[in-house]
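Chain by chain, the residues:
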2 protein chains.
Amino acid sequence: MEHARITSLQVAERAGVSQSAVSRVFTPGASASAKTIAKVRKAAEELGYRPNRVARTMITGKSRIIGLVVAYLDNQFYPQALEHLSNALQEKGYHVLVFTATNSPEKVEEVMRDLLDFQVDGIITASVAVTSDLTVRCNAAGIPVVMFNRDQDGADVNAVTSDNVNGGRKVAEFLVQCGHRRIAHISGWDGSSTGRDRRRGFSEGLAAHGHKPHQIIDGMYNRDTASQATRDLMDSLTPPDAIFVGNDHMAFAVMDTLRHELGLKIPQDVAIVGFDDVPLAAWPSYDLTTVRQPLNRMVEATVDMVIAQIDEGVIAPRRVAFDGPLIRRSSTRQPKGQET
Amino acid sequence: MEHARITSLQVAERAGVSQSAVSRVFTPGASASAKTIAKVRKAAEELGYRPNRVARTMITGKSRIIGLVVAYLDNQFYPQALEHLSNALQEKGYHVLVFTATNSPEKVEEVMRDLLDFQVDGIITASVAVTSDLTVRCNAAGIPVVMFNRDQDGADVNAVTSDNVNGGRKVAEFLVQCGHRRIAHISGWDGSSTGRDRRRGFSEGLAAHGHKPHQIIDGMYNRDTASQATRDLMDSLTPPDAIFVGNDHMAFAVMDTLRHELGLKIPQDVAIVGFDDVPLAAWPSYDLTTVRQPLNRMVEATVDMVIAQIDEGVIAPRRVAFDGPLIRRSSTRQPKGQET
DNA sequence: CACTGTTTTGCAAGCGTATGCAATGAAGGG
DNA sequence: CCCTTCATTGCATACGCTTGCAAAACAGTG
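Fair warning: this is a prediction, and the values are worked out from it, not measured in the lab. (Residues numbered from 1 in each chain as written. Chains lettered and ligands numbered in written order. Predicted model: local features only at pLDDT ≥ 70, side-chain atom pairs only at ≥ 80, totals over all residues. Heavy atoms only, no water.)

**What to know about the overall build of chain A**
Selection criterion: A run of H or I in DSSP becomes a helix once it reaches four residues, and a run of E becomes a strand once it reaches two; helices and strands are each numbered from the N terminus. Here the globule rule is a power law, 2.2 Å times the number of residues to the power 0.38, and the radius of gyration is based on C-alpha atoms. Only protein chains enter the accessibility calculation, which uses a 1.4 Å probe; a residue whose area is less than 20% of its type maximum is buried, one above 50% is exposed, and one in between is partly exposed. We call two residues contacting when some pair of their heavy atoms lies within 4.5 Å. The accessible surface values rely on the Shrake-Rupley method and a 1.4 Å probe; as for residues, cover is taken only from the protein chains in view. The charged-residue count follows a simple rule in which Lys and Arg add positive charge and Asp and Glu add negative charge, with His and chain termini not counted at all. The atom standing in for a charge is NZ when the residue is Lys, CZ when it is Arg, CG when it is Asp and CD when it is Glu.
The number of helices and strands found in chain A is 12 helices and 12 strands. Here the C-alpha radius of gyration of chain A, 26 Å, is well above what a compact globule of 340 residues would show, namely 20 Å. By its C-alpha atoms, chain A is 90 × 40 × 40 Å across when sized along the principal axes. The 340 residues of chain A split such that 53% are buried. The contacts of chain A with a sequence gap of at least 6 include a subset with a gap of at least 24, amounting to 71%. Here chain A displays about 14,200 Å² of accessible surface, and carbon together with sulfur accounts for 50% of that area. Computed over 38 positive and 40 negative side-chain charges, the separation of the two mean positions in chain A equals 6 Å.

**Thoughts on the domain arrangement of chain A**
For clarity, the cut-off: Throughout the structure description, domain borders are defined by an automatic or database domain assignment.
By domain assignment, chain A separates into domain 1 (8–51), domain 2 (65–162 + 295–322) and domain 3 (164–293). The gap between the C-alpha centroids of domain 1 of chain A and domain 2 of chain A is 36 Å.

**Observations concerning the protein's contact with DNA strand D**
For clarity, the cut-off: Here a residue counts as near a molecule or strand whenever at least one of its heavy atoms sits within 4 Å of it. We define a polar contact as two N or O atoms separated by no more than 3.5 Å, with the added condition that, inside protein, one atom must be a possible hydrogen donor and the other a possible acceptor, whereas residues neighbouring each other in sequence contribute only through side-chain atom pairs. Note that Gly is not counted as nonpolar here; it falls among the polar residues with everything else outside the nonpolar set of Ala, Val, Leu, Ile, Met, Phe, Trp, Tyr, Cys and Pro and the charged set of Asp, Glu, Lys and Arg.
Ser8, Gln19, Ser23 and Arg56 of chain A together with Ser33 of chain B are the nearest of the 26 residues found near DNA strand D. The sugar and phosphate moieties of DNA strand D supply 59% of its atoms located within 4 Å of the protein. Taking Ser23 of chain A, its side chain carries an N or O atom lying 2.4 Å from a phosphate oxygen of DNA strand D. Between DNA strand D and Tyr49 of chain A there is a distance of 2.8 Å, counted from a phosphate oxygen to a side-chain nitrogen or oxygen. Within the residue set of the surface near DNA strand D, elements represented by two or more residues are helix 2 (19–26) and helix 4 (53–60) of chain A together with helix 2 (19–26) and helix 4 (53–60) of chain B. For the surface near DNA strand D, the residue count by class is nine nonpolar, 14 polar and three charged.

**Examining the protein's contact with DNA strand C**
Around DNA strand C, the structure places 26 residues, and the nearest of them are Arg24 and Ile59 of chain A together with Ser8, Ser23 and Arg56 of chain B. Counting only the atoms of DNA strand C that lie within 4 Å of the protein, the sugar and phosphate share comes to 57%. One of the backbone nitrogen or oxygen atoms of Ser8 of chain B is found 2.4 Å away from a phosphate oxygen of DNA strand C. Between a base nitrogen of DNA strand C and a side-chain N or O atom of Gln19 of chain B, the distance comes to 3.1 Å. Counting only elements with at least two residues in the surface near DNA strand C, the list comes to helix 2 and helix 4 of chain A together with helix 2 and helix 4 of chain B.

**Some points on a nonpolar patch on the surface**
So the rule is basically this: Nonpolar side chains (Val, Leu, Ile, Met, Phe, Trp, Tyr) are joined into patches within 5 Å and like charges within 9 Å, using only residues with over 30% relative accessible area and no salt bridge. Salt bridges are defined as contacts in which a side-chain nitrogen from Lys or Arg sits within 4 Å of a carboxyl oxygen from Asp or Glu.
Together, Met58 and Ile59 of chain A together with Met58 and Ile59 of chain B give the surface a local cluster of nonpolar side chains, amounting to about 450 Å² of exposed area. Of all the elements in the fold, those that place two or more residues in the nonpolar patch are helix 4 of chain A together with helix 4 of chain B. In this fold, Ile59 of chain A is placed in helix 4.

**Let's talk about the side chain of His249 of chain A**
Residues and elements named next belong to chain A. Within the secondary structure layout, His249 lies in helix 11 (residues 248–261). By relative accessible area, which is 7% here, His249 ends up buried. For His249, the contacting residues outside a window of four places in its chain are Asp74, Asn75, Tyr221 and Arg223.

Given below as structure tokens:
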């Protein structure tokens, strides 16, 4: 019943060569004469042989599997990132073992342990904070860790992000140019580098024009929190006339709350700017002005970084930040002097 | 430099027992005295030993990895499914190796081959059609394949879906009750069982009340196609007064097109019903009436099915379809006699 | 043809674990 | 105290492959 798996030995017998010959034919970079290659290929074909990756992993210590730790799959940015990462890695012969983790340090710890058991060649964490202790241990084990869309101040880690500080600054400048003076910020989670950097860039950007944030509330990258923050902001004698929201995911909640709960118009009553430029931001229902994170370049850089460090065996922490453009849509007014 | 991995042998030496003893301590169901267990646990703790899953896989033939083949990550339903599946499997000690595949048979073929190389214990395909030839080969290799949210007529495969026929029927009945008479359908891809079943249920449901579909267009589960279909439907002397859309993902595009391109009101001018009940459907911007696919139960059933077949070793094709409720929201009117 | 340099090839040793088997020891009954 | 029974333990092997090493085949040169 059990269709026994074909091994290299069986192929060897049928081809009339040694088992090592078979192995060499299927090992890129090994030497074999044209004649044996032909014989082995034929026999393998006939038997339907495929090398056993597990056995190969045992020997070489390389699994060609990358562990991906991911947290917020309800934010459209991450499925998208997952898809791109998976495809890019597949292209290079790697595959993705997915772990979901809430953002509690213990859970992440546990997940990373598990990951190491699987002999993954590298780890990518998407918006998940990793204690530097943990990355040290991974590095000691020769396993590169790259943080995608998150950074860790001070720690010696690999990180690929967009230029969040600059992004925040761009938003500030743009909103000032649009004539706004009471600009609030529902920030990304303060425990995340992205959240902090965007907030900082925003504050700096306003300061450069002699302004100050009207109010800042931590939205925790959470829809409900962002909605509540919106209510709190607007329930004031001097509500903001523009809100920069820490990411698109929250911005949608903010827009929903403003329009359907508070009955306000966007951008007439309040202008909204997000961050990420997920596909949903371009849908007409939201049509959200936002800072685009250059997903393709970020993914490419992440994949290159992991693979380079796997190949070189050296892990010299690197960090990259890509600049992303501000995409203007109808959730904001035209800047002064550009009205149509 | 290279922090060598700790092996069971080193633990054995430190604990003063044989390597087999160590193995047995870490193998559930193996026998060892309380004393050795203590000694081994202690030594393992001190050295930071963790059993090597790859070596274990070599011996047992079980990797505790499930391959997940997924296609449409831009439809929110699938990230959600992915997250739930991953969590449910993690809970049972399994992990998920993700493969993305376009829905071309060749690509799927290639992906499944790869998957087998990794010695996965089972395969879950999410909305991906698998040739029965392929499942036969997997079964021959003793690897269960479960299709999630898709079925294959006639073939001997495992499938977990919601009751799509009945769901379509419910929509038809509801829309008739609301007083609609020109009810169109932008159907799910005709090459998918879900698309066909929903369409069939819808047609049957209308027929049961003596009605007929106003018009049916294949939306291919694609936003652009659905938008175009919407334009085509509405550009008529007798446009529909209600549209049942094959899934939420397309329904959002339809709503966007109706409102922002054609300037129509929902549900006053046209009522819209979707299918899936993704989180986005509950957001106030859409507030879409839709048939809920009972994700939790579907995931649970899928996981149970895979694991049962792994454990039993027997692969007796099973198929389950869960009934899902119609969730009424403001994209449709109140049914006759229930107006407030 | 002898000699050297270069491929190609087979042999055999492992990679880290699980497990059948036989040996050991402990426990219990008479 | 002896014999039986059963749980525990160690030994040795196997899982399917890669790879260092040395022998063998080949090619090229004078």
